[in-house]
Amino acid sequence: MKRADLIKTAMQVFAILCLVAYFAILAYKGSVDISALAKQYPGSEFWAALGRHLIRNLGGG
């Protein structure tokens, strides 16, 4: 393989690893938010609180 091909492959692997890390962080933060909501709003109140949380965060706020 040429040096340019190796660099291209290495950059693709790096990009894939960055995406995997990004989605892992998103999943972790989401699970922490949902756990906090579950502790704060037990029982059937949880689903209403989760809906409010999701709607509030749609705009990135």
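For the structure, see preceding data.
Residues numbered from 1 in each chain as written. Predicted model: local features only at pLDDT ≥ 70, side-chain atom pairs only at ≥ 80, totals over all residues. Heavy atoms only, no water.

Asks: How would you summarise the overall build of the protein chain if you had to cite specific residues and measurements?
Replies: In terms of regular secondary structure, the protein chain is built from two helices and zero strands. The C-alpha atoms of the protein chain give 19 Å as radius of gyration, which overshoots the globular expectation for 61 residues (10 Å, by more than 25%). Dimensions of the protein chain along its principal axes, counting C-alpha atoms only, are 60 × 20 × 15 Å. (Helix = DSSP H or I, 4+ residues; strand = E, 2+ residues; numbered from the N terminus. Rg over C-alpha atoms; globule rule 2.2 N^0.38 Å.)

Asks: So what about the packing of helix α1 (residues 3–40) against helix α2 (residues 45–57)? Which residues, and what values?
Replies: Packed helix pairs are characterised by how far apart their axes lie and by the angle those axes make with each other. Contact pair α1 / α2: the axes reach a minimum separation of 9 Å and the direction vectors enclose 140 degrees. Viewed along their axes, α1 and α2 adopt a mutual orientation that is oblique. The handedness of the crossing between α1 and α2 is right-handed. Residues Asp33, Ile34, Leu37 and Ala38 of α1 form the contact with α2, whose participating residues are Phe46, Ala49, Leu50 and His53. (Axes fitted to C-alpha atoms, helices over the stretch in contact; angles between N-to-C directions. Parallel < 35°, antiparallel > 145°, perpendicular 65-115°, else oblique. Left-handed = near helix turned anticlockwise from the far one by under 90°. Contact = heavy atoms within 4.5 Å.)

Asks: Residues and numbers for the packing of aromatic side chains, please.
Replies: Counted according to the given criterion, the structure contains two aromatic pairs. Taking the centre distance of 5.6 Å and the plane angle of 70 degrees together, the rings of Tyr22 and Phe23 count as edge-to-face. Exposure remark for Tyr22: the relative accessible area of 48% places this residue in the partly exposed category. A relative accessible area of 51% places Phe23 in the exposed class. One residue, Arg52, lies across the ring of Tyr41, its end atom 5.7 Å from the ring centre. (Phe/Tyr/Trp six-rings, centres within 6.5 Å; stacked < 30°, edge-to-face > 60°. Buried < 20%, exposed > 50% of the residue type's maximum accessible area, 1.4 Å probe, protein only. Lys NZ or Arg CZ within 6 Å of the ring centre and 35° of its normal.)

Asks: With reference to specific residues and values, describe the environment of Ile34.
Replies: One can find Ile34 in helix α1. In the structure, Ile34 is positioned 29 residues away from Asp5 in sequence and 43 Å away in space, judged by C-alpha atoms. Ignoring sequence-local partners within four residues, the contact set of Ile34 consists of Phe46 and Leu50.

Asks: I'd like a description of a nonpolar patch on the surface, backed by residues and values.
Replies: Residues Leu19, Tyr22, Phe23 and Leu26 make up a contiguous nonpolar surface patch of roughly 430 Å² in combined accessible area. Locating Leu19 in the fold gives a position in helix α1. (Patch = residues over 30% accessible without salt bridge, like charges linked within 9 Å, V, L, I, M, F, W, Y side chains within 5 Å. Areas by Shrake-Rupley, 256 points an atom, 1.4 Å probe, with all protein chains shown as cover. Salt bridge = Lys/Arg side-chain N within 4 Å of Asp/Glu carboxyl O.)

Asks: Explain the side chain of His53 residue by residue, including any values.
Replies: The topology assignment puts His53 in helix α2. Residue His53 is classed as buried on the basis of its relative accessible area of 19%. Setting aside anything within four residues of it in sequence, one finds His53 in contact with Asp33 and Leu37.

Without other data, these values stay purely geometric and don't point to any function.
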